[in-house]
Amino acid sequence: MIALENAAYNYGGGELLSDISLRLAPGSFHFLTGPSGAGKTTFLKLCYADLQPTSGRVTIFDRDVRTLTRDDVALTRRRIGVVHQDCQFLDHLPLAANVMLPLTVAGKMGDAQDVSDLLGWVGLSQLADARPPSLSGGERQRAALARAIITGPDVILADEPTGNLDWEMSLRLLTLLVELNRMGKTILIATHDLNLIRQAKAQVAARVLRIRNRRIQLAGADL
Amino acid sequence: MTRGSFDNPLKADLHADRVVPPTGFTARLTVFTSLAMTFLAVFALALSMAAGRLAERWSDSLQGTATIRISAPQDQIDTQVAAVLALLTVTPGIASARALEDQEQRDLLAPWFGPDLPVDALPLPRLIEIKEDSAGYDAEGLRQRLTAEAPGAVLDDHTRWRRPLAVAASRLRLLGVTSIILITCAMGAMITLAANAALAANLQVIRVLRLVGAKDTYIVRAFVRRFTLRAFSGAIAGALLGMGGVALLPGVDEAGGFLTGLGFQGLGWLFPLLLPVLAGIVAFAATRFAAFRTLKGLP
């Protein structure tokens, strides 16, 4: 699915990530953890071609990101659902239209019933006509997850998806992600919430990666 | 990026339209700019077309005619007139030639000396009007023969009158065309600025669209279609207002000369209707250029 080989990223003020090698296998579940500023978001951006490695190689669906045209990047992102901590929406459109946006830009007509079902699955049925600015943090996170999966992507990347949520809502979101993984989706979640990771490990065979000193390590049992 | 693909800006894509927030000052700026510029362009077009008509009128009225002026002592003038007329009848390229009557000369001078000018008492030259045929005559050869046959005869082929008038009219037309080109460029620049402002104001929208897999052409189409339609609608209003203004100008009047002929005639009224199409094309190109340039800077 997504592979990094000796990948590094340099923002200009020194390397943030160095010598990263990792392969996300189909159907795998990974957590990525590390302190703030360690490079978790940068790592995710490398995984959906928002950034290109300054050295090394990143391949997404067996294609080197350096060889992707802008159209190729767009097509690749239709196979990757991304959930950001600061979920951004088109504020002038109702929630249902925002959730359908990946279908809209792909020129596909979304089935209203499917959208309704999806909103029900993330617990937002009553807010289909609401505008994004009126949603709470938790509602925005769940809406972002619904938007990320509406096209049935192969991979779901989530950057601090529970950052704005209380514990109950965090567990609910985690349950949704675990369900998606059981459907065969590849999941990578960047988080510093160790309790969430422990909770997830009780439900699914998740690997935990840690960024330390610019490099990726497989975390042990010392969570 | 399939920049080579040429999207139809008027192709209805309601979904693409909806992804861009509908209002903003850039919308009003685009409509106002295209309205004002097209209004000005209508007057420049009217100027250009009037100058063209004027050039043709002056050219037509003077082309193909010439005058021979005969100044000679009173006792020789009739002889020289007869000699010149005889010469002209055998000169190739001359369709007709006739000496102006006293009354015609009096009418020519009346604007300066009044209607009671005693033509007989004044040593005025005699004038012979020449009309050339389609083949034309050899002016230089005729001058040489006139010198031999009638020393007091001078050929005036109107070139010195016609040329500056034609040059002036041609420059007026050029001025009008230049004005239209400048107005078009200014409109393009202003719409580019408006499009850039709209793109900058909607960077978050563009980022979200890219994140969910929108191709550049999809995003560009949403902006291009909106700006093209705004410019087109503003230009239609500007063209209609301009045509109304031109229609209110005084009609063609000999006494008014050029200024009263500054309008459209016949099918010429259809030409201003091409300006909104031009405005739409300019807006399409300007917005497309601005949008692709903005997108190029985004991941």
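Note that this is a predicted model, so its numbers are computed, not measured.

Here we take up helix α7 (residues 167–182) of chain A. All names here are of chain A. Between its terminal C-alpha atoms α7 stretches 22 Å, which fits the 22 Å expected from 16 residues at 1.5 Å a residue. Among all positions in α7, only Met169, Ser170, Leu173, Leu174, Leu176, Leu177, Val178, Leu180 and Asn181 are buried. Directly beyond the C-terminal end of α7, a positive phi value near 105° is found at glycine 184.

So, about the domain arrangement of chain B. Taken domain by domain, chain B consists of domain 1 (14–59 + 170–296) and domain 2 (64–157). Relative placement of domain 1 of chain B and domain 2 of chain B: their C-alpha centres are 55 Å apart.

What follows deals with the packing of aromatic side chains. The way to describe two aromatic rings as a pair is by their centre distance and the angle between their planes. Applying the stated criterion across every chain yields a total of four aromatic pairs over all chains. Ring geometry for phenylalanine 29 of chain A against phenylalanine 31 of chain A: centres 5.3 Å apart, planes inclined by 45°, an arrangement best described as tilted. Pair check on accessibility: phenylalanine 29 of chain A and phenylalanine 31 of chain A agree, each one buried. Summarising the aromatic geometry, the rings of phenylalanine 264 of chain B and tryptophan 269 of chain B are spaced 5.2 Å apart at their centres and angled 65° between planes, so their arrangement reads as edge-to-face. For arginine 79 of chain A, the ring lying beneath its charged end belongs to phenylalanine 61 of chain A, and the centroid distance is 3.8 Å. Here the guanidinium or amino end of arginine 230 of chain B rests over the ring plane of phenylalanine 227 of chain B, the centre of that ring lying 5.3 Å away.

Attention shifts here to the confidence of the model for chain B. Looking at chain B as a whole, the pLDDT averages 82, with 88% of positions reaching at least 70. Taking the mean pLDDT of every element in chain B, the minimum, 66, falls on helix α1 (residues 14–18) of chain B and the maximum, 91, on helix α8 (residues 216–247) of chain B.

Definitions and limits used
Residues numbered from 1 in each chain as written. Chains lettered and ligands numbered in written order. Predicted model: local features only at pLDDT ≥ 70, side-chain atom pairs only at ≥ 80, totals over all residues. Heavy atoms only, no water. Helix = DSSP H or I, 4+ residues; strand = E, 2+ residues; numbered from the N terminus. Expected span 1.5 Å × (residues − 1). Buried < 20%, exposed > 50% of the residue type's maximum accessible area, 1.4 Å probe, protein only. Domains from an automatic or database assignment. Phe/Tyr/Trp six-rings, centres within 6.5 Å; stacked < 30°, edge-to-face > 60°. Lys NZ or Arg CZ within 6 Å of the ring centre and 35° of its normal. pLDDT = per-residue confidence, 0-100.

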